[in-house]
Amino acid sequence: MAEIRKNKVNGKKEYQRLNTDRKKQILAVLMMLVAVFLLIAIFSYSQLDEQYTEVSIIDILKLPFDEGLRTNAAQITNALGLIGAIISNNLINGTVGYAVVIIPVMLLVWGWVVLRNQDWMNVLKLTSYALIIAILFSATMGVTNQIFQSLDREWSGLVGAFLGDILTKLIGKAGAALIVFAALLIILVLAVDLDIHKSIDRIKSTFDRILNWFSGKKVKHNIVDIVTEENEETEEIEETVIHKTKKEIIFNVPEEEEEPKEEQDEKPRVVKITPKPISKTDSEEEENIDYIFPSVELLDVSKQTEIINDEELKANGEQLRAKLANFGIDLESVSVTPGPVVTLYELVPASDVKISRIVSLENDLALALSAKGIRIIAPIPGKGTIGVEIPNRNPSIVNIRSVINSSKFRESQAVLPLAMGKTISGEIFTDDLSKMPHLLIAGATGSGKSIGINSIIISLLYKLHPSDVKFIIIDPKKIELTPYKKLINHFLAVSSDFREDIVTSTENAVSILKSVEVEMEKRYDKLSKAGVRNIGDYNERIKQGRLTSTPEIKHSKMPYLVVIIDELADLMITAAREIEEPIARLAQMARSVGIHLVFATQRPSVDVITGVIKANFPARIAFQVASKTDSRTILDMNGADQLLGTGDMLYLPSGSPKPIRIQNVYISIDEVEAVVDHIAKQKGYSKPFKLPSIIEKRKNGTSASADDRDELFEEAAYLVVRHQQGSVSLIQRRLKVGYSRAARMIDELEAAGIVGPFDGSKAREVLVENEEELLGILRTLG
């Protein structure tokens, strides 16, 4: 009997709980229905409807019987008819103007909160804040109207008009404007703390909460509690700091979704994890910085694109069919794939048609279609069709924001993701630089080559932390990549031998490439001692604390290094041998240790893109080039000479037999500077990332003997001392030798202590004052 009575009581409680839940659900649905009703009424409001809304409730009841009322009601344009016009007129004009839209929006949010049994405290705060903003907006419009007499009543409503009138009469127009400005400033301080970084964080946090509400999961913020000693109280902080003594770390984890209970404990469930003792490594001594990733709001919104109409597509298809028919070539079908700049027409020829006949008609088809130039793919890889790419009459711009903000890029698991653009079918295209592993870019002036380099750098800045990647930037033109100087303490790797953040001189370019070569050798030594095969495994062991430093090898996290040369031709012309040697070695060996090369040139000739360079750069991008010879040099095939310019490119992935046509993303200088400024104003590392010194390496090595020195060494020594100028060009001119030989002699003079180290684009400092002192040094050297 006791068991039966207990079941009855439990059943009654369960019924009451279900009944309460049903009432809440009905209330929530009604709230959201009213909110939608109000939104429709407000958004379809019109001033012309006001003349028909001065009716009473009794008049509304007479509507079916009063011909005049029915005629007036028929004139109303509001989507909800007479009732909607009355409601929207009273809400807008009788309260806070157009800002009244906040009321149905918050009612919709409250309905959802009730429906999902969400925590209502945050929503209550949000509602209060929204109402304050609405009143402030109304007052601002009221004061503005008092000053300029240019706004309609709907902007301020009754509340704003009243406040504006009172303020201007009490303290004048100037005083009222100051009061409104002060109120706006206070709201700004409360909202964003006058800090755009915190504002972005709050926006992200708000979006996360909204997503959590809609998913029905209660997810707590990840707050890490560090317990410094066993008997000390737990102090809650927002960063995880691992000290040298053993600590206990408490992580808040997401709660699993459960049935609502009347007496449910609201405290978050926690899991305690006691980590194993970590050996003292360099990674513990590494400098940590608070870094906020750039927001897509720094980039321009994509402009509205021109959509190709069906008539144009059909007309081009019929023209293709008709022109080919004139030459006796029949087609079984023509399918169309429109893209942002180029439209692909896939042709299925009759079985007795040779592909070579269609390819030979390329110029005839371009003439018939009045196109800038067409490109024929015969056949399309993996398909039994022939592709004809025809430029659109109204091409569209692929802004970098549309690709950066795409789910394909945001969710990419690539180590070094690149936002490359859109294919001719309009699909987002991304790739991983770490798998290329090096990239060669060529294109004529104005084809989009420099914008392509900027897009590569910006893509990596949007996805990677400063501790994950460093850039070595060589810009012989001295203007294209200068904005990145501001990232010296965040993302740049610089030489220890000279003072130049963005390398511009040939001499310094040779030096920094050799420094990267030394860095590669050091990294291989670390990987060998750690017993791993690549940088990914090495960094994972550093993260897990599995590597212990020794006096010979100090283990620490390795950032990826991306070496970017904007104009390779300028370097190859002046110092081909000195440049090619480290490039070849890096291209062959550097992938495993996380060093990747991105080189660009506007002159893809065989003396610039040599066989050694070409063999080690399997991934290539060709923008528009001047001739078929240039196209074959960069891609080993024709096609790049038929591109349209302004970002139209052919991308040949590593190991692929055919290139992919892509419209590269566009990024303006203003966008680049906005992203760079966002990063630069954050606190960076106390010192920039320094590459190894090749000067120190020479000093630590064995000195060259007299037999190993150049036969003109002494003449060069007397020359630089006599002119007190230690430059390669001086030795080239006076001794009539090439750049490489002159550079080697300068290195020998430096090793002998006659000239100083690199100092940017300046000539070397001469350390010997006169010829008598030089004679003593030469006697010592033997």
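Everything below is about the structure printed above this text.
So, how was this worked out
Residues numbered from 1 in each chain as written. Predicted model: local features only at pLDDT ≥ 70, side-chain atom pairs only at ≥ 80, totals over all residues. Heavy atoms only, no water. Salt bridge = Lys/Arg side-chain N within 4 Å of Asp/Glu carboxyl O. Helix = DSSP H or I, 4+ residues; strand = E, 2+ residues; numbered from the N terminus. Phe/Tyr/Trp six-rings, centres within 6.5 Å; stacked < 30°, edge-to-face > 60°. Buried < 20%, exposed > 50% of the residue type's maximum accessible area, 1.4 Å probe, protein only. Lys NZ or Arg CZ within 6 Å of the ring centre and 35° of its normal. Pairing = 2+ DSSP bridges. Axes fitted to C-alpha atoms, helices over the stretch in contact; angles between N-to-C directions.

Colleague: Where do I start with the pattern of salt bridges in this structure?
Modeller: Note that side chains of opposite charge can pair when their charged atoms are close. In this structure the tally under the stated criterion is 23 salt bridges. Residue Asp566 pairs with Lys477 through a salt bridge whose shortest N-O separation is 3.5 Å. Taken together, the residues Asp566 in the loop between strand 14 (560–565) and helix 18 (568–589) and Lys477 in the loop between strand 12 (469–474) and strand 13 (493–494) connect sequence positions 89 residues apart. A salt bridge links Glu507 to Arg764; its shortest N-O distance comes to 3.4 Å. Here Glu507, found in helix 16 (residues 506–530), pairs with Arg764, found in the loop between helix 25 (739–751) and helix 26 (771–781); they are 257 residues apart in sequence, far enough to count as distant. One continuous salt-bridge network, built from bridges that share partners, spans Arg375, Glu389, Asp648 and Arg661.

Colleague: Is there a simple way to explain the packing of aromatic side chains in this structure?
Modeller: Geometrically, a pair of aromatic rings is defined through the distance of the ring centres and the angle of the planes. The final tally for this structure, using the stated rule, is seven aromatic pairs. An angle of 85 degrees between the planes, with centres 5.0 Å apart, marks the rings of Tyr98 and Trp155 as edge-to-face. Taken together, the residues span a long stretch of sequence, with Tyr98 in the loop between helix 4 (81–94) and helix 5 (102–116) and Trp155 in helix 7 (residues 153–192) at a distance of 57 residues. Using a relative accessible area of 32% as the deciding quantity, one classes Tyr98 as partly exposed. Here the aromatic rings of Phe599 and Phe617 are separated by 5.3 Å at their centres, their planes lie at 40 degrees, and the arrangement is tilted. Placement of the pair is Phe599 in strand 15 (residues 595–601) and Phe617 in the loop between helix 19 (611–615) and strand 16 (619–622), with a sequence separation of 18 residues. Neither residue differs from the other here; Phe599 and Phe617 are each classed as buried. Positioned above the aromatic ring of Phe409 is the side chain of Lys463, whose terminal nitrogen or guanidinium carbon lies 5.6 Å from the ring centre. Over the ring of Phe713 we find Arg709; its NZ or CZ atom is 5.3 Å from the centre of that ring.

Colleague: Would you explain the sheet that holds strand 5 (residues 331–338) in this entry?
Modeller: Working definition: the strands of a sheet are paired by backbone hydrogen bonds and lie parallel or antiparallel to each other. Taken together, the four strands give an open sheet; going across it, the order is 5-6-8-7, and neighbouring strands pair in antiparallel fashion. Both outer strands of the open sheet, strand 5 and strand 7 (375–377), are each paired with one neighbouring strand and no more. Each strand axis lies, on average, 20 degrees off the axis of its neighbour in the sheet, ignoring direction. Where strand 6 (residues 342–349) lies against strand 8 (residues 386–391), six bridges are found, and the strand directions are antiparallel. Across the sheet, residue Tyr345 finds its bridge partner in strand 8, namely Val388.

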